[in-house]
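Chain and residue survey
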Amino acid sequence: MSFGYPSLRAEKKGEAEICPSQGHYGVQDRLVLGPSKAKDELASSHPLEFSESNYHKNEEQREMAMLRNIQGLHAPLRLQMEQKAARQIQRLPCLPSSNIALDTLTGREDIIEFEDVLNAPGDSEVMGNTHIMVEKRLGIL
């Protein structure tokens, strides 16, 4: 009896094939990609790498499935609609946005992550021209 929940057992999905990117003449472009190592071309990634890279997406799918089974179809649809509206709220392109509404809806407002401490846009040394950035966003430039 699965009740529509995702499996808790590890599933082998998303194995990546190692294929070096080709340039115009069938050879890697060293100026763009830089020098490569033989180990990078031969070794495959760890089996848990794919699972860890998709952890948040899988967790959200599991939560939506549980919410749908417990409260009905309207609950995950309403939550997704609210999250979509919260993603559209933005400041001017040159001003940093905390996205506190989206963090509150996803339950991440209490978690301190790497991006919260070391990737603060307010610490940036370069600030763009506001008018040019807005015009680029609107497609005028």
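None of these values were measured; they are calculated from a predicted model.

1. Things to note about the overall build of the protein chain
Along the backbone of the protein chain there are eight helices and zero strands. Each helix and strand of the protein chain, placed in order from N terminus to C terminus, yields the pattern α-α-α-α-α-α-α-α. Counting all 141 residues of the protein chain, 8% fall into the buried class. Put simply, of all contacts in the protein chain between residues at least 6 apart along the chain, 47% involve residues at least 24 apart.

2. Overview of the pattern of salt bridges
Applying the stated criterion across every chain, the model contains one salt bridge. Across the pair arginine 78 and glutamate 82 runs a salt bridge, and its minimum N-O distance is 3.3 Å. Here glutamate 82 and arginine 78 lie together in helix 5 (residues 74–88), a separation of four residues that amounts to about one turn. Given a relative accessible area of 54%, arginine 78 falls into the exposed group.

3. Considering unusual backbone geometry
If a residue is not glycine, its phi is most likely negative; likewise, a peptide bond is most likely trans. Within the chain, asparagine 99 stands out as a residue other than glycine whose phi angle is a positive 50°. Of note, asparagine 99 is situated in the loop between helix 5 and helix 6 (100–106).

4. Points about the environment of isoleucine 100
Its place among the elements puts isoleucine 100 in helix 6. Separated by 14 residues in sequence, isoleucine 100 and alanine 86 have C-alpha atoms that sit 8.8 Å apart.

5. Observations regarding the confidence of the model for the protein chain
This prediction gives the protein chain a mean pLDDT of 78; 70% of its residues lie at or above 70. Here helix 2 (residues 38–42) stands out as the least confident element of the protein chain, with mean pLDDT 64; helix 5 is the most confident, with 93.

Conventions adopted
- Residues numbered from 1 in each chain as written.
- Predicted model: local features only at pLDDT ≥ 70, side-chain atom pairs only at ≥ 80, totals over all residues.
- Heavy atoms only, no water.
- Helix = DSSP H or I, 4+ residues; strand = E, 2+ residues; numbered from the N terminus.
- Buried < 20%, exposed > 50% of the residue type's maximum accessible area, 1.4 Å probe, protein only.
- Contact = heavy atoms within 4.5 Å.
- Salt bridge = Lys/Arg side-chain N within 4 Å of Asp/Glu carboxyl O.
- pLDDT = per-residue confidence, 0-100.

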